[in-house]
Amino acid sequence: MAGKQNSEIREELAAADAVRPEAFDRAICIRGLRNQFGDAVVHDGLDLDVRSGEILGVVGGSGTGKSVLMRSIIGLQTPTAGEIEVYGKTLDTIADEEESRDLRRRWGVMFQGGALFSTLSVAENIQVPLREFYPRLDAKLLDEIAAYKVQMVGLPPDAGPKYPAELSGGMVKRAGLARALALDPALLFLDEPTAGLDPIGAAKFDALIRELADTMGLTVFLITHDLDTLYATCDRVAVLAEKRVIAVGTIPELLATQHPWIQDYFNGPRGRAAASGNQSAKSPVLGGDRNS
Ligand SMILES: Nc1ncnc2c1ncn2[C@@H]1O[C@H](COP(=O)(O)OP(=O)(O)OP(=O)(O)O)[C@@H](O)[C@H]1O
C-alpha cells in the first residue's frame with residue numbers, strides 16, 4: 001500500500017512540473033524593487049539577476065537590507081513596489097495555489113542561525129518541509145530521505161535522532177542545510193551560513209556548499225559578511241549599498257571598480273587577508289572532524 005502511494009506521488013510530481021528550472025538562464029530577476037518600513041526606505045530601484053547555476057554572494061553593510069531582499073524573493077516580505085520573478089513566475093501574482101506550491105518547492109532556505117525547531121530531532125526537522133509538501137509520504141520513506149540528507153551534509157548517522165541542543169554549532173548549521181535541501185531544491189538561499197563558526201568549521205562549511213552546489217547543479221543566493229566564504233565559494237558577488245545593488249560581478253571585476261565601499265571592503269586588511277588565504281588554500285579539505 002505504502003509503495004503504491006509513493007509511486008503515485010512520484011507520478012504526481014513528474015506530472016506537476018509547471019516550473020522547470022532548467023529552462024531558465026536566470027533563476028531570479030528583480031527589477032525596480034522598493035521596500036519601505038514607515039519612513040525608512042531600505043531598497044529603492046533595486047535591480048538584480050541571479051544566473052542559473054551560480055553561487056551569488058550578497059554583501060553589504062549591516063542594515064543595507066540583505067535579509068529583507070531574501071525575504072522579498074521567497075514571499076515572506078511584500079515589497080512596496082517592483083517586480084521579482086523566480087523561474088519566470090511572480091509569486092504574489094500567481095493565482096493558482098498549486099502553481100504557487102510548485103514554485104515554492106523549488107527552493108530551500110537556511111535562515112540565520114539554522115532556525116531549527118528545538119523540540120524536534122534533526123530527522124524530524126528535515127521532514128518538516130517534506131510533510132508540508134507531500135503529506136501522503138509514509139513514515140518509512142520520510143525516515144529514509146532524512147537519513148540520506150543527514151549523510152549528504154556530512155553529519156554522522158547518529159545525528160538524526162538528536163535534538164538541536166545536543167549539537168555543536170557546526171552540526172546545527174549542517175542540520176539547517178539538510179532541512180533546506182529536503183525537497184531537492186534547484187535554488188538555495190543561505191543567510192550568513194558561516195556566522196558563529198570557528199575558521200576551520202567555516203572553511204569546511206564553505207567547501208560543503210561549493211561541493212553540493214556543483215554536484216546538485218544548485219543556484220545559490222548566499223548572504224554573508226565572511227570574506228573567506230566569498231573567495232572560497234562564490235562565482236559572483238552583488239554589493240548592496242545606497243538602497244540598491246551598486247555592483248555585481250566576480251571579485252576581480254568588483255576590485256576594478258572605484259566605489260569607496262567596495263574598495264574598503266575588499267582591499268581593507270581583512271579583504272587582503274582573505275585574498276591571500278584564498279591563494280594559499282584554494283581548495284579547503286572536506287570531511288575530517290564532522291563535529292565542527
Ligand atoms: N519587518 C520590519 N519592520 C521594520 N523594519 C524592518 C523590518 N525588517 C527589516 N527592517 C529594517 O530593514 C533594514 C534592513 O534590515 P536587514 O535585516 O535586511 O539588514 P541586513 O543587511 O540583513 O543586516 P545585517 O547584515 O545586520 O544582518 C534594517 O534597518 C531593519 O531594521
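The chain appears in an unreviewed UniProt entry as ABC transporter related from Sphingopyxis alaskensis.

A. Inspection of the environment of Ala232 at higher detail. Its place among the elements puts Ala232 in helix α8 (residues 227-233). Sequence separation between Ala232 and Ile246 is 14 residues; the distance between their C-alpha atoms is 22 Å.

B. Spatial organisation of the nonpolar core. Leu56, Val58, Val220 and Leu222 are the most contacted members of the largest nonpolar core, which totals 69 residues. The leading source of residues in this core is helix α6 (residues 169-180), at six residues. Among residues more than four places away in sequence, those in contact with Leu56 are Val50, Val220, Phe221, Leu222, Cys234, Asp235, Arg236 and Ala238.

C. Spotlight on the sheet that holds strand β7 (residues 219-223). Across the sheet, which stays open at both edges, the six strands sit in the order β5-β6-β7-β3-β8-β9 with mixed pairing between neighbours. Both outer strands of the open sheet, β5 (107-110) and β9 (244-249), are each paired with one neighbouring strand and no more. Across this sheet, the average inter-strand angle for adjacent strands is 15°, counted without regard to direction. Across four bridges, β5 lies against strand β6 (residues 187-191) in parallel orientation. The residue bridging Gly108 from the neighbouring strand is Leu188, located in β6.

D. Spatial organisation of the site of the ligand. Surrounding the ligand, one finds Phe37, Val42, Gly60, Ser62, Gly63, Thr64, Gly65, Lys66, Ser67 and Val68. For the shell around the ligand, the element with the highest residue contribution is helix α2 (residues 66-73), accounting for three residues. Class assignment of the residues belonging to the shell around the ligand gives a composition of three nonpolar, six polar and one charged.

E. Molecular detail of α2. The set of residues buried in α2 consists of Lys66, Leu69, Met70, Ser72 and Ile73. Viewed end-on, α2 has its buried residues packed into an arc of 160°, placing them on one side of the element. Of the residues trailing α2, Gly75 is marked for its positive phi of about 85°.

F. Representation of the confidence of the model for the chain within the structure. Per-chain confidence: the chain averages 86 in pLDDT, with 86% of residues scoring 70 or above. Low pLDDT (under 50) marks residues 282-292, which in the prediction has 23 contacts with non-local residues, meaning those over four places away or in another chain. The complex model carries a pTM of 0.87, and its ipTM stands at 0.97.

G. Highlighting the pairing of strand β3 (residues 55-60). Burial of β3 is extensive: six of the six residues sit out of reach of the surface. Burial along β3 is two-sided: Ile55, Gly57 and Val59 facing one way and Leu56, Val58 and Gly60 facing the other are all buried. Direction of pairing for β3 relative to β7: parallel, over a ladder of four bridges. Of the residues in β7, the one forming a bridge with Gly57 is Leu222. Where β3 lies against strand β8 (residues 236-241), five bridges are found, and the strand directions are parallel. Bridge assignment links Gly60 to a residue of β8, and that residue is Leu240.

The rules behind the values
Residues numbered from 1 in each chain as written. Predicted model: local features only at pLDDT ≥ 70, side-chain atom pairs only at ≥ 80, totals over all residues. Helix = DSSP H or I, 4+ residues; strand = E, 2+ residues; numbered from the N terminus. Core = buried A, V, L, I, M, F, W, Y, C linked by C-beta atoms within 7 Å. Buried ≥ 20, exposed ≤ 12 C-beta atoms within 10 Å, placed from the backbone. Contact = placed C-beta atoms within 7 Å. Pairing = 2+ DSSP bridges. Axes fitted to C-alpha atoms, helices over the stretch in contact; angles between N-to-C directions. Near = placed C-beta within 6 Å. Nonpolar A, V, L, I, M, F, W, Y, C, P; charged D, E, K, R; others polar. Arc of directions from axis to C-beta. pLDDT = per-residue confidence, 0-100.

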